[in-house]
Amino acid sequence: MMEDDEDLFSSDAEDDKEKSTNPEDKKHALRKDLRTMVYGFGDDKEPYDKTLDVLEAIVLNYIKELCQLAMKVGKPDRLALEDIHYLIRRDPKKFSRVKDLLSMSEELKKARKQFEDVKPI
């Protein structure tokens, strides 16, 4: 089971290629996703910039605090996904969502690999 989890946590080379190096893009990395989420929950299609700023600050603060706690739980000064799992284990919604997303990611990796392995006729 642990070996399967390690495969789930590895990153794709494709994901690394898609990362932007523009500092302005990093500054508002979540803005596009937050805009879509806010619209999906019934807000305006183009929400106010201040609304997105506040939401982004809340999300980044949550991620920062969770990562800091995770670094204290596991090996010192090392962040591991297992530690984050440990921290969210008592929240069934978050825990099951993380498991679903990780398994879906693994399935997509396998499908891509199978697609790449198929030789053209």
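For the structure itself, look to the data block above.
Residues numbered from 1 in each chain as written. Predicted model: local features only at pLDDT ≥ 70, side-chain atom pairs only at ≥ 80, totals over all residues. Heavy atoms only, no water.

A. Local environment of the pattern of salt bridges. Under the definition given, this model contains four salt bridges. Between Arg31 and Asp49 there is a salt bridge, with the nearest N and O atoms lying 3.6 Å from each other. Within this pair, whereas Arg31 is found in helix H4 (residues 31-40), its partner Asp49 is found in helix H5 (residues 49-73), the two being separated by 18 residues in sequence. Here Glu46 ties to Arg35 by a salt bridge, and the two come within 3.7 Å at their closest N and O atoms. Pair noted here: Glu46 is in the loop between H4 and H5 and Arg35 is in helix H4, with a separation of 11 residues, a long-range link. (Salt bridge = Lys/Arg side-chain N within 4 Å of Asp/Glu carboxyl O. Helix = DSSP H or I, 4+ residues; strand = E, 2+ residues; numbered from the N terminus.)

B. Local environment of the packing of helix H6 (residues 81-88) against helix H7 (residues 92-117). Taken N-terminus to C-terminus, the directions of H6 and H7 make an angle of 150°; their axes are 9 Å apart at the nearest point. As far as their axial angle goes, H7 and H6 are roughly antiparallel. Both H6 and H7 take part in a crossing whose hand is left-handed. Listed contacts from H7 to Leu81, His85 and Ile88 of H6 are Lys94, Phe95, Val98, Lys99 and Leu102. (Axes fitted to C-alpha atoms, helices over the stretch in contact; angles between N-to-C directions. Parallel < 35°, antiparallel > 145°, perpendicular 65-115°, else oblique. Left-handed = near helix turned anticlockwise from the far one by under 90°. Contact = heavy atoms within 4.5 Å.)

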